[in-house]
Amino acid sequence: MDVELTVSIGLDVSIVCLGTGVALESEGRDRTDLSLPGQQQDLLRTVLVVAKALNIPVVLLLFNAGPLDISEFVNEPQIKAILACFYPAQGTGEALARVLWRRESSDNPAGRLPMTWPNSMSQVPPMTDYTMVDRTYRYFHGEPLYPFGYGLSYTYFNYDKLTITPEKVVAGQNVTIQVTVSNVGQYDGDEVIQVYIQWPVSGVPSPKWQLVGFNRVFITANLPHGNSVDDAVEKMPTVTETFTITAEQMSLWDDNKGFIVHPGEITVYAGGQQPNQAKSVGSHVLQAKFTISG
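Each value, and the rule that gives it
Residues numbered from 1 in each chain as written. Predicted model: local features only at pLDDT ≥ 70, side-chain atom pairs only at ≥ 80, totals over all residues. Heavy atoms only, no water. Helix = DSSP H or I, 4+ residues; strand = E, 2+ residues; numbered from the N terminus. Buried < 20%, exposed > 50% of the residue type's maximum accessible area, 1.4 Å probe, protein only. Contact = heavy atoms within 4.5 Å. Areas by Shrake-Rupley, 256 points an atom, 1.4 Å probe, with all protein chains shown as cover. Lys, Arg positive; Asp, Glu negative; His and termini not counted. Charge placed at Lys NZ, Arg CZ, Asp CG, Glu CD. Pairing = 2+ DSSP bridges. Axes fitted to C-alpha atoms, helices over the stretch in contact; angles between N-to-C directions. Expected span 1.5 Å × (residues − 1). pLDDT = per-residue confidence, 0-100. Core = buried A, V, L, I, M, F, W, Y, C linked by side-chain atoms within 4.5 Å. Arc of directions from axis to C-beta. 1 Å grid on protein atoms, 1.4 Å probe; cavity = no way out; pocket = protein on both sides within 12 Å on 5 of 7 lines; lining within 4 Å. Points joined across faces, edges and corners; volume = space filled by probe spheres on them. Nonpolar A, V, L, I, M, F, W, Y, C, P; charged D, E, K, R; others polar. Salt bridge = Lys/Arg side-chain N within 4 Å of Asp/Glu carboxyl O.

## Regarding the overall build of the chain
Each helix and strand in the chain was counted, giving 5 helices and 13 strands. Taking the principal axes of its C-alpha atoms as reference, the chain extends roughly 70 × 55 × 30 Å. Here the chain holds 294 residues, and 42% of them are scored as buried. Contacts in the chain between residues at least 24 apart in sequence constitute 69% of all its contacts with a sequence separation of at least 6. Counting only carbon and sulfur atoms, one obtains 53% of the accessible surface of the chain, whose full area is about 16000 Å². Put simply, the chain has 19 plus and 30 minus side-chain charges, and the middle of one group is 3 Å from the middle of the other.

## Some points on the sheet that holds strand β5 (residues 168–170)
Read across the open sheet, the 5 strands follow the order β5-β13-β12-β7-β8; overall the sheet is mixed. Both outer strands of the open sheet, β5 and β8 (210–219), are each paired with one neighbouring strand and no more. With direction set aside, neighbouring strand axes in the sheet form an average angle of 25°.

## Re helix α2 (residues 40–54)
In this model, α2 (15 residues) spans 21 Å end to end at C-alpha, consistent with the 21 Å of a helix rising 1.5 Å per residue. Phi for asparagine 55, located one or two positions after α2, is positive at around 55°.

## What to know about the confidence of the model for the chain
Averaged over all residues, the pLDDT of the chain is 90; the fraction at 70 or higher stands at 91%. Low pLDDT, under 50, characterises residues 226–233; the predicted model gives this stretch 12 contacts beyond four residues in sequence or across chains.

## Some points on the nonpolar core
In a soluble, globular protein the nonpolar side chains are often hidden away together inside. Residues Ile177, Val179, Ile245, Val268 and Phe290 are the most contacted members of the largest nonpolar core, which totals 30 residues. Residues contacting isoleucine 177, with those up to four places away along its chain left out, are Leu162, Thr163, Ile164, Val195, Glu241, Thr242, Phe243, Ile245 and Val268. Counting residues in each nonpolar core, the second largest holds 22 residues, with Leu36, Leu68, Phe73 and Val281 among its members.

## Describing helix α3 (residues 92–101)
Those residues of α3 not exposed but buried are Thr92, Leu96 and Ala97. The buried residues of α3 occupy an angular sector of 125° when the element is viewed end-on, so they sit on one face. Residues of α3 that are buried make contact with β2 (58–63) and β3 (79–84). A positive backbone phi angle near 50° is found at arginine 102, which sits one or two residues after α3.

## What to know about the side chain of glutamate 76
By the secondary structure assignment, glutamate 76 is in the loop between β2 and β3. Look at glutamate 76 and you get buried, because its relative accessible area is 14%. In this view, glutamate 76 contacts Leu48 and Lys52; residues no more than four positions away in its chain are not counted.

## Quick notes on the layout of surface pockets
Estimated volume of the largest pocket: approximately 1300 Å³. Lining the largest pocket are 49 residues, and of these Ile82, Leu83, Ala84, Val99 and Pro109 lie nearest its centre. At the level of elements, β2, β3, α3, β7 (189–198) and β8 are the ones that each hand at least two residues to the lining of the largest pocket. Looking at which element gives the most residues to the lining of the largest pocket, the answer is α3, with 7 residues. Across the lining of the largest pocket, the residue classes tally to 32 nonpolar, 8 polar and 9 charged. Contributing to the lining of the second largest pocket are 27 residues, with Leu34, Pro67, Pro118, Val124 and Arg135 lying nearest its centre.

## A short note on the pattern of salt bridges
Using the criterion set out here, one finds 10 salt bridges in the structure. Across the salt bridge formed by arginine 112 and glutamate 191, the nearest N and O atoms sit 2.9 Å from each other. Here arginine 112, found in the loop between α3 and α4 (136–139), pairs with glutamate 191, found in strand β7; they are 79 residues apart in sequence, far enough to count as distant. Each of the two residues, arginine 112 as well as glutamate 191, counts as buried.

## Describing unusual backbone geometry
Cis rather than trans, the peptide bond between threonine 165 and proline 166 has omega equal to -10°. Relative to the assigned elements, proline 166 resides in the loop between β4 (157–165) and β5. At asparagine 55, a position not held by glycine, the phi torsion is positive, near 55°. Position of asparagine 55 relative to the elements: it lies in the loop between α2 and β2. Of the residues examined, asparagine 55 reaches a relative accessible area of 63% and is grouped as exposed.

See below:
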């Protein structure tokens, strides 16, 4: 009854705060599974029943250090937003209010997940397995609940014109890439441009791909909207960013020789997330290639 009363008196939205806390997970204190502790799943289920009956949207706030199994709820249409808050500090209330209600024109989330969120415990390797198989985004081969680098915005971005200079290098040389990004939505916002490389298939063990550069850039909206930035801010709906991929980043570990730059064709990906992800942020990922000779 308490849950029903709490939801019923909400004017516009029901905000549900769930998670763990330092008593359950912190430095030197690990969880044994990904489940929400206690009766939190039952609480959210009850809120959803009432919210559906009253046609009230639900926002889920998660306060936790590591991933949580919320697979039951990620496709729930009544939940309009899920925010991974982690363990925030004293400015949490103000930050959440600005993100949820957009008090100012620049209030637009741009955080990106610093880890892979598994779908279930079946995707978590046992602690006694010391290999890198299925550990970190670099070696994970399943379909995660949320991939490393994932994060949404109130606006949308479009990627164009990925160039690599030079397209052929000798082992030990760097390459420079440029990528153009446009804000094609109605709100000004920050985009986190992510650049990954992928090695050719060879006898040398290598990651699936690897992040070699990222940058957070502010891009004004391409479409007019009432909540625009001040007139004093110069409108810049498209930006071109430059990244350097170093020879060190191209190298792979050889048990006999150490880190070596191997000849072959390297694929470069540039976008707002990892390539080839089922859970999309709404923008596409560009790709191009360069060749390394010995």
